[in-house]
Amino acid sequence: MPWKYATVCSSNMNRSMEAHNQMLKSGLCVRSFGTGTTVRLPGPSESRPNVYEFGTPYADILADLKGKDVHLYTSNGLIKMLERNVLVKLAPERWQSMDRTQAFDVVFTYEERVFSAVLEDLQARETESFRAWHVINIETRDNHDEAVTSTQIT
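Source: prediction; values computed, not measured. (Residues numbered from 1 in each chain as written. Predicted model: local features only at pLDDT ≥ 70, side-chain atom pairs only at ≥ 80, totals over all residues. Heavy atoms only, no water.)

### Remarks on the overall build of the protein chain
And step 1. Within the protein chain, the secondary structure is distributed over 5 helices and 6 strands.
And step 2. Walking the protein chain from its N terminus toward its C terminus, one meets helices and strands in the order β-α-β-β-β-α-α-β-α-β-α.
And step 3. Taking 2.2 N^0.38 as the reference for a compact globule, 154 residues should give roughly 15 Å; the C-alpha atoms of the protein chain span a radius of gyration of 15 Å, in line with that estimate.
And step 4. C-alpha extents for the protein chain along the principal axes are approximately 50 × 30 × 25 Å.
And step 5. Residue burial in the protein chain is summarised as follows: out of 154 residues, 45% are buried.
And step 6. Positive and negative side-chain charges in the protein chain, numbering 17 and 20 respectively, have mean positions lying 3 Å apart. (Helix = DSSP H or I, 4+ residues; strand = E, 2+ residues; numbered from the N terminus. Rg over C-alpha atoms; globule rule 2.2 N^0.38 Å. Buried < 20%, exposed > 50% of the residue type's maximum accessible area, 1.4 Å probe, protein only. Lys, Arg positive; Asp, Glu negative; His and termini not counted. Charge placed at Lys NZ, Arg CZ, Asp CG, Glu CD.)

Here it is, written out as structure tokens:
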């Protein structure tokens, strides 16, 4: 049976999705997740982010941002990122909300606080299989270039 991989960042938008996309292209069995309470994307200012619920389709988020300010969100890379995400899967998923029977051989995280959230969630689960999970953190700043670079390490 092939190994199962998970990629996890805060919002299941940039780092985990770049890795998900590349691993999928390599023929690996992979899913991606976020650990935040909501999906947060840069807005017109730091104090006004765009906030969405997990499960909101990437296509809906893309349409919303295009309707708000297509120039701003094209120039900061969000439009291109969301166009990639639409081709990979339907919507961002929250790690803590996934089916508890789901198991992975390797989980890659891209930030220390995400790593901690994944470990905390795994420790709180009741186990039936005692199957080992390898959880690896690759500290990655949340921008496109670093997401691409960390994917090569993943």
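### Some points on the packing of aromatic side chains
And step 1. If you walk through the whole model with that rule in mind, you get 6 aromatic pairs.
And step 2. When the centroid spacing of 5.4 Å and the interplanar angle of 90° are considered together, the rings of F33 and W95 count as edge-to-face. Separated by 62 residues along the polypeptide, F33 in strand 2 (residues 29-34) and W95 in the loop between helix 3 (78-88) and strand 5 (106-109) bring together distant segments of the chain. You'll find F33 and W95 in the same group, each marked buried.
And step 3. Through successive ring pairs, a cluster of aromatic residues spans F33, W95, F104 and W133.
And step 4. Positioned above the aromatic ring of F33 is the side chain of K89, whose terminal nitrogen or guanidinium carbon lies 5.8 Å from the ring centre. (Phe/Tyr/Trp six-rings, centres within 6.5 Å; stacked < 30°, edge-to-face > 60°. Lys NZ or Arg CZ within 6 Å of the ring centre and 35° of its normal.)

### Considering the pairing of strand 4 (residues 48-52)
And step 1. As paired elements, strand 3 (residues 39-45) and strand 4 share 4 bridges and run antiparallel to each other. Across the sheet, residue R40 finds its bridge partner in strand 4, namely V51. (Pairing = 2+ DSSP bridges.)

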